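# Close look at the chain arrangement
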Amino acid sequence: MRLTIRRKLFLSHFLAVLLVSGSIGSYFYLRAVSSLTESIQLRLESTAALIGQILNARDLGSIRTASDRDRPEYQQQLTLLRNLARTNADIAFLYVMRHDGGRVYFVLDSDTSEGQATPGREYTSLNATLLAGFQHPSVDQQLFSDEWGSFISGYAPLRNGNGEYLVGLDMRAEELGRKLQAIHIAGLLSLGLSVLLALAFSQALSSHLVKPVRLLIERCRAIAKGELDRFVSVRSGDELEQLVDAFNIMTKQLAESRAQADAAQDALKQGRDNLEQRIAERTRELVDVNERLLHEVAERARAEELLAHTARSDPLTGLMNRRAMLEHLDYQAKRFERNRTPFVVMLGDLDHFKDINDTHGHDVGDEALLQIAECLTQSIRGQDLVARWGGEELLILLPDTDLVGGAAVAEAVRAAVARLELVAGSARPHLTISIGVAAYGPGQTVNQCIKLADTALYKAKRLGRNRVVVAGSDAPAGN
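Numbering of residues begins from 1 in every chain and follows the order in which that chain's sequence is written. The predicted origin of the model limits local features to residues at a pLDDT of at least 70 and limits the giving and counting of side-chain atom pairs to 80 or more, whereas totals for whole chains, interfaces and linings rest on all residues. Hydrogens are left out, water is left out, and the side-chain values use all remaining heavy atoms of the structure.

## Some thoughts on the overall build of the protein
The helix and strand labels rest on DSSP assignments: H or I over at least four residues marks a helix, E over at least two residues marks a strand, and numbering proceeds from the N terminus. The secondary structure content of the protein amounts to 11 helices and 12 strands. When checking whether two residues touch, look at their non-hydrogen atoms; a contact exists if any pair is within 4.5 Å. Taking as baseline every contact in the protein between residues at least 6 positions apart, the subset at least 24 positions apart corresponds to 63%. When the accessible surface of the protein is totalled, it reaches about 28000 Å², and 55% of it is carbon and sulfur. Per-residue and other accessible areas follow the Shrake-Rupley method at a 1.4 Å probe size, with only the shown protein chains counted as cover for residues.

## Digging into the nonpolar core
For the purposes of this section, nonpolar cores are sets of buried Ala, Val, Leu, Ile, Met, Phe, Trp, Tyr and Cys residues that join through side-chain atoms within 4.5 Å. Burial classification: accessible surface area is computed with a 1.4 Å probe over protein chains only, and a residue below 20% of its type maximum counts as buried, one above 50% as exposed, and the rest as partly exposed. Residues Met346, Ile372, Val413, Leu431, Ile435 and Val437 are the most contacted members of the largest nonpolar core, which totals 33 residues. Only strand 7 (343–350), helix 8 (353–360), helix 9 (362–379), strand 9 (393–399), helix 10 (403–419), strand 10 (433–439) and strand 11 (468–470) provide two or more residues apiece to this core. The leading source of residues in this core is helix 9, at seven residues. With near-sequence residues (within four places) excluded, Val413 lies in contact with Met346, Leu376, Ser379, Ile380, Ile396 and Ile435. Listed in part, the 29 residues of the second largest apolar core include Leu36, Ala57, Val107 and Ala156.

## Structural notes on empty space enclosed by the protein
Any residue with an atom within 4 Å of a point lines the site, the site being either a cavity, points on a 1 Å grid over the protein atoms alone where a 1.4 Å probe fits but cannot get out, or a pocket, an open set with protein on both sides within 12 Å along at least 5 of 7 lines. Grid points are joined across faces, edges and corners, and a volume is the space filled by probe spheres set on the points. A complete count under the given rule lists three cavities of 30 Å³ or more for this structure. Quantified by volume, the largest cavity comes out at close to 140 Å³. The wall of the largest cavity is formed by 14 residues, among which Tyr95, Tyr123, Asp146, Trp148 and Asp170 lie closest to the centre. Here the second largest cavity defines a volume of roughly 40 Å³. Those elements giving two or more residues to the lining of the second largest cavity turn out to be helix 1 (5–54) and strand 6 (165–172). Broken down by element, the residue count for the lining of the second largest cavity peaks at three residues, all from helix 1.

## Some words on the packing of aromatic side chains
Between two aromatic rings, the relevant description is the distance of the centres plus the angle of the planes. Stacked, edge-to-face and tilted labels apply to pairs of Phe, Tyr and Trp rings (six-membered ring for Trp) whose centres lie within 6.5 Å, assigned for plane angles under 30 degrees, over 60, and everything in between, in that order. Counted according to the given criterion, the structure contains five aromatic pairs. Aromatic pair Phe336 and Tyr440: ring centres 5.2 Å apart, planes at 80°, arrangement edge-to-face. Note that Phe336 is positioned in helix 7 (residues 322–339) and Tyr440 in the loop between strand 10 and helix 11 (446–462), a separation of 104 residues in sequence. Take Phe336 and Tyr440: they sit in the same class, and that class is buried. Geometrically, the ring pair formed by Phe343 and Tyr440 is stacked, given 4.9 Å between the ring centres and 20° between the ring planes. One end of the pair, Phe343, is in strand 7; the other, Tyr440, is in the loop between strand 10 and helix 11, and 97 residues separate them in sequence. For the pair Phe343 and Tyr440, one class covers both residues: buried.

## Overview of helix 7
How far a helix is expected to stretch is found by multiplying one less than its residue total by 1.5 Å. End to end, helix 7 covers 25 Å across 18 residues, agreeing with the expected 26 Å (1.5 Å per residue, within 8%). Listing the buried residues of helix 7 in full gives Ala324, Met325, Leu329, Gln332, Ala333, Arg335 and Phe336. Positive phi appears at Arg340, one or two residues downstream of helix 7, with a value of about 55°.

## Considerations on the side chain of Asn127
Inspection of the secondary structure assignment puts Asn127 in the loop between strand 2 (103–109) and helix 3 (128–132). Of the residues examined, Asn127 reaches a relative accessible area of 14% and is grouped as buried. A 3.5 Å cut-off defines polar contacts: any pair of N or O atoms within that distance qualifies, except that in protein one atom must be a possible hydrogen donor and the other a possible acceptor, and neighbouring residues in sequence count only when both atoms are side-chain atoms. Polar contacts involving the side chain of Asn127 include one to the main-chain amide nitrogen of Thr129, which spans 3.1 Å. Here Asn127 is in contact with Asp140, Phe144 and Tyr155, once residues within four sequence places are set aside.

## Structural notes on the packing of helix 8 against helix 9
For every element, the axis is a line fit to its C-alpha atoms; helices are fit only across the contacting stretch, and the angle between N-to-C directions ranges from 0 to 180 degrees. Between helix 8 and helix 9, whose axes approach to 6 Å, the crossing angle comes to 140°. Classified by the angle their axes make, helix 8 and helix 9 are oblique. Contacts from Phe353, Ile356, Asn357 and His360 of helix 8 reach helix 9 at His362, Val364, Gly365, Ala368 and Leu369. Each residue is assigned to one of three groups, with Ala, Val, Leu, Ile, Met, Phe, Trp, Tyr, Cys and Pro labelled nonpolar, Asp, Glu, Lys and Arg labelled charged, and all others, Gly among them, labelled polar. In terms of residue class, the contact of helix 8 with helix 9 is built from five nonpolar, four polar and no charged. If an angle is under 35 degrees, it is roughly parallel; if it is over 145, roughly antiparallel; if it lies from 65 to 115, roughly perpendicular; otherwise it is oblique.

## Brief notes about the confidence of the model for the protein
Fine structural detail should not be taken from predicted coordinates in areas where pLDDT scores are low. Per residue, pLDDT captures the predictor's confidence, and it can take any value from 0 to 100. Put simply, the protein has an average pLDDT of 85, and 90% of its residues get 70 or more. The secondary structure element of the protein with the lowest average pLDDT is strand 12 (residues 476–478), at 56, and the one with the highest is strand 11, at 97.

## Notes on a nonpolar patch on the surface
Residues Val20, Ile24, Tyr27 and Phe28 make up a contiguous nonpolar surface patch of about 420 Å² in total accessible area. Looking at where Val20 falls in the secondary structure, it is placed in helix 1. The partly exposed category is assigned to Val20, whose relative accessible area is 49%. Residues form patches when they are more than 30% accessible in relative terms and have no salt bridge. Like charges link within 9 Å. Nonpolar side chains (Val, Leu, Ile, Met, Phe, Trp, Tyr) link within 5 Å. Any Lys or Arg side-chain nitrogen found within 4 Å of a carboxyl oxygen on Asp or Glu counts as a salt bridge.

## A short note on unusual backbone geometry
Its identity is not glycine, yet Asn160 carries a phi of approximately 65°, on the positive side. In this structure, Asn160 sits in the loop between strand 5 (149–157) and strand 6. Although it is not a glycine, Arg465 adopts a positive phi angle of roughly 70°. As for its placement among the helices and strands, Arg465 is situated in the loop between helix 11 and strand 11.

## With respect to the layout of surface pockets
The calculated volume of the largest pocket comes to roughly 350 Å³. Lining of the largest pocket is provided by 16 residues; of these, Gln53, Arg159, Arg335, Thr341 and Asp400 occupy positions nearest its centre. Of all the secondary-structure elements, those providing two or more residues to the lining of the largest pocket are helix 1 and helix 7. Class assignment for the residues of the lining of the largest pocket results in three nonpolar, six polar and seven charged.

## Some points on helix 8
An α-helical segment advances 3.6 residues per turn. Residues three or four places apart therefore align on the same side. Taken as a whole, helix 8 has its buried residues at Phe353, Ile356 and Asn357. Take helix 8 and look down its axis: the buried residues cluster within an arc of 95°, on one side only. Facing away from the buried side of helix 8 by more than 90 degrees, the exposed set consists of Lys354, Asp358 and Thr359. Contact partners of the buried residues in helix 8: strand 7 and helix 9. Gly361 sits one or two residues past helix 8 and shows a positive phi near 100°. To be clear, the arc concerns the directions from the helix axis to the C-beta atoms.

## Points about the pairing of strand 1 (residues 93–100)
Taken across its eight residues, strand 1 has six buried, putting it largely inside the fold. Paired strands are those between which DSSP finds at least two bridges. Hairpin geometry of strand 1 and strand 2 is characterised by an intervening segment of two residues between the two adjacent antiparallel strands and by a positive phi of about 60° at Gly101.

Here you go:
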């Protein structure tokens, strides 16, 4: 069957519009499905991580077997777990598991039906994502099935769980399917609209294009017969009208146009050669400028980094300065107000440090301070922070630590300084440190907590130095 140009235009435009709109629709459909899946996975992972910070593994240590269901702490933690499950309609089940000796056991299960997993029940349908959840937040990449059904689940370790506890939450496969079904319906509607749009657009465009083309065909036949005095008249107000006008001008000035075309070709070649030369020169200039700019940007970044570090650190010891430490103290105070997360402040002062400066000189004193700073950094835990508070005073921040733990760390620091063999040139000075310890409490300010530690420090000085005194106690922690 021979196709007319009108039908070809109709079919080509119909297929082009359908292909473009279908491709765009398919892209957005696939992106919507992918975004929905990623959004659900991110929500599950983020929710698990948040709940993992709300629950405290220390509150679950006594829950081991089914007989522990009568314990008040089990009922309290189960109520909290179920309240958290009700805050998110996407959660089918919320549970806590314990990892022990390569096996995984239930601790809590929000399920209110007879299928609820009791404490101590072993969970055998393990997968790599669940096991990874004991160390860091993780989420299933596909549906996973067990005796409770098919789900996509998120996992996260519990606060203070040390890799032994995790919290898991399940979203039912039916819920994920319902959300995907909504996207499928929207995709089908979009495809239907794309077909209708392609039909309407192709019909209109093919009709608009065919009429001028037919007139041009008749005029070409007339030119072939030598009839150069006739012109085509089209008033469509678009590029087709311009095409017809150009065709009429071409017919009238064909010979002259050929000569002009040859001249233009020569001029174009010369202009192209000149342009390529200018582009090459300009490219070299731009490369040089770009290299200089990159060097200046790198130098400025290094200078800004050095300035930021200098503004927050002590120039002698390299420890953080008072300003930086106050920012960390304010942050810990806000954590305490939100979650009652404890922290301890240790204020230490080197005993008889002035005597070293007076006896050996300030160079020896500075070297001693450097070695003391390194000793303190090695004696504290990875989460702890130390700052030079002023002169020979040092302040240590112990996050997530109560007063008993703070006293133990302070005693370890005091003992480490007392054992330290300082070497500063030919001098071998010996230093000890007195430490005051205070825990941040309700209704306090950071300055008040530091004042308590300072008072305890002066008490340690009065009791003979080289000792730890805990704020609020009648006796030093040790010497």
